[in-house]
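Architecture at a glance
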Amino acid sequence: MLTKFESKSARVKGLAFHPVRPWICASLHNGVIQLWDYRVGTIIDRFEEHDGPVRGIDFHLKEPLLVSGGDDYKVKVWDYKLRRCLFTLLGHLDYIRTVQFHPNPTVFPWILSASDDQTLRLWNHETRSCLSVLTGHNHYVMCASFHLSEDLIVSASLDQTVRVWDTAGLRKKQTGESAGASPSLGGIGAYGGLGMGSNGMGQTNGVGGSGGSTAAATALNVQAELFGTNDVIVKYVLEGHDRGVNWAAFHPTLPLLASAADDRQVKLWRMSETKAWEVDTLRGHANNVSCCLFHPRHDLVVSNSEDRSIRVWDVSKRVGVQTFRREGDRFWILAAHRRQNLLAAGHDSGMIVFKLERERPASTLGAGKLYYVRGRELFCHDYSRSGSGSTSGVDIPLASLRRVGQQAQTDGIGSAPRFLAYNHHNATEGNILVCSDVDGGCYELVTFALSGTGGSVSDGKRGSCLGPAVFLGQNRFAVLERAANRHIIVKNLNNETTKRVTPPAPNVDLIFDGGASGRIILRSDDRAILFEVQSRRVLGELSATKLKSVVWSPDGSKVALMCKYGVVIADRQFEQLCSITDTVRIKSGTWDSSPDGGTASQMFVFTTLHHVKYVLPTGDTGTVRTLENPLYATRIVNDELFCLDREARARVVSLDTTEAKFKLALSQKRYGQVMKMVRHSRLCGRAIASNPQSKGFPEVALHFVRKTKQRFRLALACDNIEAAIESAFALEQSVEVENSGGGSGSSSGSGRQVWGDLGIEALRQGNHQVVEMSYQRTKDFDRLSFLYLLTGNTEKLRKMLKIAHMRGDIMGRYHNALLLGDAQERVAVLEESGNLNLAYMSAKIHGLEEAAERVKVAIETTGGSVDGLTDKVLSPEKGSRASGKLLQPPTPIMRGANWATLDVQKTTLEDLEAAEGTRHEDTVVEPSAPSTKQESADAWDDGEFGDGDNLDDDGFGDDDDAWDDDLDLGDDIPDPTPKAIDEMADLKDVKDGSAFQMPPAGRPAAACWVSNSSHAADHLSAGSVSSGMQFLNRQIAASDFTVLREAMIGCYLGASASLPGVPGSGSMNVPLHRNDVANHPGTESLPRTALKVKNLNTALRQAYRYFQGGKFNDALAAFTDVLSKIPIVVTDTKSEAGEIKEMLEIAREYVTAIRIKSRMSEEKDPARSTELSAYFTHCNLQPIHLLLALRSAMGTAFKHKNFIIAASFARRLLELPDMNSERNADLRVKATKVLQKSEQMARNEHTLNYNESVSFSLDCKNFLPIYSGDASEKCSYCGSAYLESSAMKGFICVTCNFCAVGVNTIGLVTGS
């Protein structure tokens, strides 16, 4: 069984697959209907209008409809897009067991329902009326379903019969073949609906099938309700079961039936036109068989039972071929997907979606050909030859593969070959190793001539192995031994063992091709190890979680390690080049082998369930196209993907890898090809725009970006002032349009920021004309005055003085007068501002006697005196001051034109002729193509920047009339260009009250951390212990913080670093941020936490080692430490959050198990000791640890003569997968003997409080079972359960030791 998805919920009573989307609907015993996406494992929606258990559910094949039936006697039809119930069909008088839409819903809008009122009903969901009531069963009708293609219905009942009904009569009425129906049928409408409006039956919205409501029609309707109609007749009544029948199902194509009953049997029936008879009985279940169905693709019957097992039966051989057991959960329902090879089973605690076998065809490439297995034949697909109607090559059969073993004789249960390996080292003949998982793993060596079309299989060239076998050389191959020591066995082509090598690491479970002679890759836990067999050296090691396969590039320079959810790219020496992860499972992959284009061995293309994607050695990745059905890539040449489908048929898919080629050419600095693709390829998308920018080529990204603000940033990044000016004007226009439409003031602030950034970049390059324009746009008067001083533009500096006077800016006037050297203006400013003393001193120093007298009079008028004001300034002792001169503006070195600007180097992309790497390329750049600058700045050529006056006029051409009206500059300011427009036009909106304001103070990092996160760890890192403890109390009911004290202190200390200062000063405390990878996060900062998920993984593995070694005190301390650190860990992704919650459950289970083990050693009562050992086996432990628990429980029960329970433990022990290994051979023999002895004695010496057939949880205080319905309380954090009689509510949990029991909280918060 390959489990694809598993959910945890209440008991699942009904299941239905969506016909197209990856959805499954589950109806639960608690009245909830859940809609799941089984591909990503998330719940999509919930429907909760039923009162009581919901037992039947089904999807409409065409419309977004669901139908459900429950114990509230109601059939409800839902629209899952609108997320509501559309209507309810009433008529049944007891529980409804199953509901189903007709398989051809466009012609027959029917719903079939089966009920405990001993009837079946057919409904028309369009008219919302009952078509027919099928009576005949004399006990509960447990299920009913339509035949996929014929006018038949099958029903199963607890009256021990299966009935097959013929609906041909009703179909004829529906299609109008008997439009003039007898009035005795009660007025059939357009859809054959019975008029139930008169008595309220069959509808809820009052939609009746007939127009009239006469008394006769009413009576006939009542008759139809009581006795049914003759539209549907019973065709067969199948009797043979000894007890009630729970399920019956049609074969999709053959005239076969399968039924499952409480007599623990599954029966097969065959039908003809006139009769039906029993074919065979399938026995093996140990309890009531709940459901059965035919596999949609293979000759198999799948059944499940209350004996906690799912069994697979071979229809042709009529024997059981597989059994899957689930401890503690009874199975109730099965469902099969109509189009895909998927099954689903519902049990007591949820459901599982699974396959019986892998659908990936075994294949391998060799010598330019594809070798693969279809059915039981080995084929060679020659790409160089083309057959009739095929352009992808020709299939050549090589050999028939013989299957050995009972399991291998049945198709559809995983008996097909799983791995193929071709001998690339042998050029004289073809050798292929065919490996499968049958009987624990086996291989077969096929040898054939490379020139011929036939193959030969030598006798004896088979053997056992674990996983795939690989070739080491021309005449050697290696297999992994299945025994416990897992040796690497080297054999020759005669299948003779030549060497046994011990792996360099424990737990090696798979080997792969190493890319060179004598090398292999070993999979050990989550590591991949490159190992040389001859010298027994480890050449390299990489981390590869859940490694599935290995693909080497055609030249052997790179290798792709394909994991379950990711790809790791490495070089020949096993040095990692990049690693990517995906959200869905990766199916297959291949390296590009195109002879030209530069992508050979540089682009890895892989497929997922519905996408084709690529990854480059640089780490760049992207999606190429979507797929309707999964495909398995074998090779890619010239944008053609050669692949196999799930039926092992060769297919060719066209791809457009321009995006990948563009990124690859950019990373390899093949600039000629890059520019050719920029001009002539259809490149678009956010990924194309962001990739060149992240790789340091913003000028390339400038070609693709159309958003104005993003273009502005890119233009600044590549020093393109012209393009930046164009984008700035465009942004300004958009801001004006927004403001005119009533926009907020934030847009104007962003416009000022744009011009400010442009001014900074222009100043860096020395382009003071653009700097002047940006200062004018932002109304930055101080910087503008200083710029005029540096450029020697005294005329505009005088204008700035006038503007300051007009605005009433005292400091601005004084500042400009100081820069101009205008002493008289400075005295006037000081006098007007009331600084008379300073005005008198300034006038006296600069020899302005008239002004000095005027100021002196003003001072004396106000009662002051000027005596001694100028003594110190004009003192004779101060020779240096006495010889001082009036400050005058300096003479600039350069006037008018821009300064000697910073030399901005052209990139290779802007000047292809200077590029060294493009001389040997086959791409030629057309000389007539316009340059990047000219294309991006047509309106900003050098002619507009010829002299400063023209630039100024252009920069201030919006509001000139307003300036001319407000300012009369007079004759004292010469105007060299009288016809020019005033430059200060944009400053007219400045108000008089614009005083200087101090910039706001920044926020400390700790304050940002507290405001940005709701995680307690972030608050503790900021030193806010009170809020952190409050969060822990509110979220998980933490009450005793002494347990968390060490982790909380470590969290605070780990969020900052102390740097030593200069001698004599203290150290500096530097906050550490976790979101500052790209740039400083500013106010969005979050603290770096000392604890990560990987730290907990390490601690968990150490705790496992203690538990395995029997060091229970150390293990208890380790697991308790993990429990105390989990609330302080901040996760970054959803997968990490799920991992943390899984760790919490693991630690809780192991702490409980260790406490039970400790209580067992103290217990003297044999009955109680046996109970504790039984509870010990119900803790959710790792399989290897569960083996130890079952072994201990079996020994305890057998020693105390509780043979019934000892036999149960022995059976569970023997069913574990690890029991088949050689290291457990002695334990397997011992368990078998205990089982035999216990079955002989078959009694328990003591009465035990333990029922293995009923699921339960455990009271973590007194270690007593908590069954369904028992009143209990749970810990808000770890989920430990306690009986109400234990009186633990409000007390500290004995598992985690710091959280209160019985407090309803939100639960563990894992992210910020």
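Look up: the structure comes first, before these words.
To keep things clear, this report deals only with the structure shown in the data block. Fair warning: this is a prediction, and the values are worked out from it, not measured in the lab. (Residues numbered from 1 in each chain as written. Predicted model: local features only at pLDDT ≥ 70, side-chain atom pairs only at ≥ 80, totals over all residues. Heavy atoms only, no water.)

**Here we look at the overall build of the protein chain**
The secondary structure content of the protein chain amounts to 31 helices and 62 strands. Going through the 1312 residues of the protein chain one by one, you find that 51% of them count as buried. Accessible surface for the protein chain amounts to roughly 60,400 Å². Of this, 48% is attributable to carbon and sulfur atoms. (Helix = DSSP H or I, 4+ residues; strand = E, 2+ residues; numbered from the N terminus. Buried < 20%, exposed > 50% of the residue type's maximum accessible area, 1.4 Å probe, protein only. Areas by Shrake-Rupley, 256 points an atom, 1.4 Å probe, with all protein chains shown as cover.)

**Describing the sheet that holds strand E52 (residues 611-615)**
Ordered in space as E50-E51-E52-E53, the 4 strands form an open sheet in which the pairing is antiparallel. On the outer flanks of this sheet lie strand E50 (586-591) and strand E53 (621-626), each paired with one strand and no other. Between one strand axis and the next, the sheet turns by 25° as a mean value, whatever way the strands run. Sheet analysis places E50 next to strand E51 (residues 604-608), joined by 5 bridges and oriented antiparallel. In the sheet register, Thr590 faces E51, and the bridge partner there is Val605. (Pairing = 2+ DSSP bridges. Axes fitted to C-alpha atoms, helices over the stretch in contact; angles between N-to-C directions.)

**A closer look at the packing of helix H13 (residues 810-820) against helix H14 (residues 823-832)**
Here H13 crosses H14 at 160°, and the two axes come no closer than 9 Å. As the angle between them shows, H13 and H14 are arranged roughly antiparallel. Like other packed secondary-structure pairs, H13 and H14 cross with a definite hand, here left-handed. Taking contact as the criterion, the partners of Ile810, Arg813, Tyr814, Ala817 and Leu818 in H13 are, on H14, Glu825, Arg826, Val829, Leu830 and Glu832. Within the contact of H13 with H14, the residues separate by chemical class into 6 nonpolar, no polar and 4 charged. (Parallel < 35°, antiparallel > 145°, perpendicular 65-115°, else oblique. Left-handed = near helix turned anticlockwise from the far one by under 90°. Contact = heavy atoms within 4.5 Å. Nonpolar A, V, L, I, M, F, W, Y, C, P; charged D, E, K, R; others polar.)

**What to know about the pairing of strand E4 (residues 33-37)**
Here E4 lies mainly inside the structure; 5 of its 5 residues are buried. Every second residue of E4 is oriented toward a common face, with Ile33, Leu35 and Asp37 on one face and Gln34 and Trp36 on the other, all of them buried. The sheet contact formed by strand E3 (residues 23-28) and E4 spans 5 bridges and is antiparallel. Note that in E4 the partner of Ala26 across the bridge is Gln34.

**So, a nonpolar patch on the surface**
Together, Ile1049, Tyr1052 and Leu1053 give the surface a local cluster of nonpolar side chains, amounting to about 300 Å² of exposed area. Among the structural elements, Ile1049 can be located in helix H24 (residues 1045-1053). (Patch = residues over 30% accessible without salt bridge, like charges linked within 9 Å, V, L, I, M, F, W, Y side chains within 5 Å. Salt bridge = Lys/Arg side-chain N within 4 Å of Asp/Glu carboxyl O.)

**Some thoughts on the nonpolar core**
Where a protein is soluble and globular, its nonpolar side chains tend to be buried together. Core analysis: the biggest nonpolar cluster contains 82 residues, and Phe1119, Ile1126, Ile1156, Phe1209, Leu1213, Tyr1277 and Cys1296 have the highest contact counts within it. No other element matches the 11 residues that helix H27 (residues 1134-1162) contributes to this core. Setting aside its immediate chain neighbours within four residues, Ile1126 contacts Leu1096, Ile1140, Met1143, Leu1144, Tyr1277 and Leu1308. Of all hydrophobic cores here, the second largest spans 61 residues; its members include Phe5, Leu300, Val312 and Val321. (Core = buried A, V, L, I, M, F, W, Y, C linked by side-chain atoms within 4.5 Å.)

**A look at the side chain of Ser436**
Here Ser436 shows up in strand E34 (residues 430-436). Given a relative accessible area of 9%, Ser436 falls into the buried group. Not counting the four nearest positions on each side in its chain, Ser436 is found in contact with Ala416, Pro417, Arg418, Gly441 and Cys442.

**Details of the environment of Lys558**
By secondary structure assignment, the location of Lys558 is in strand E47 (residues 558-563). Classification of Lys558 as buried rests on a relative accessible area of 11%. Separated by 16 residues in the primary sequence, Lys558 and Phe574 have C-alpha atoms spaced 8.4 Å apart.

**As for the packing of aromatic side chains**
Applying the stated criterion across every chain yields a total of 27 aromatic pairs. Summarising the aromatic geometry, the rings of Phe5 and Trp36 are spaced 5.3 Å apart at their centres and angled 50° between planes, so their arrangement reads as tilted. Here Trp36 lies in strand E4 and Phe5 lies in strand E1 (residues 2-8), a separation of 31 residues in the sequence. No difference in accessibility class separates Phe5 from Trp36, as the two residues are buried. Note on Phe59 and Tyr80: the rings are 5.8 Å apart at their centroids and 80° apart in plane angle, and the pair reads as edge-to-face. Taken as a pair, Phe59 in strand E6 (residues 54-59) and Tyr80 in the loop between strand E8 (74-79) and strand E9 (84-90) lie far apart in primary sequence, 21 residues in all. The residues Phe59 and Tyr80 share a single accessibility class, namely buried. Counting every residue linked through ring pairs, the aromatic cluster contains Tyr1104, Phe1107, Phe1112, Phe1119 and Tyr1150. Geometry around Trp332 places Lys13 over its ring, the cationic atom sitting 4.0 Å from the centre. (Phe/Tyr/Trp six-rings, centres within 6.5 Å; stacked < 30°, edge-to-face > 60°. Lys NZ or Arg CZ within 6 Å of the ring centre and 35° of its normal.)

**Topic: the side chain of Thr1131**
Its place among the elements puts Thr1131 in the loop between helix H26 (1112-1125) and H27. For Thr1131, the contacting residues outside a window of four places in its chain are Val1093, Glu1136, Ala1137, Ile1140, Thr1310 and Gly1311.

**As for the sheet that holds strand E21 (residues 276-283)**
Here 4 strands make up an open sheet; going across it, the order is E18-E19-E20-E21 and the pairing antiparallel. Each edge of the open sheet is held by one strand with a lone partner, namely strand E18 (245-250) and E21. Across the sheet, the mean angle separating the axes of adjacent strands is 20° when strand polarity is ignored. Taken together, the 5 bridges between E18 and strand E19 (residues 256-261) define a ladder with antiparallel strand orientation. Counterpart to Ala249 in the pairing with E19 is Ala258.

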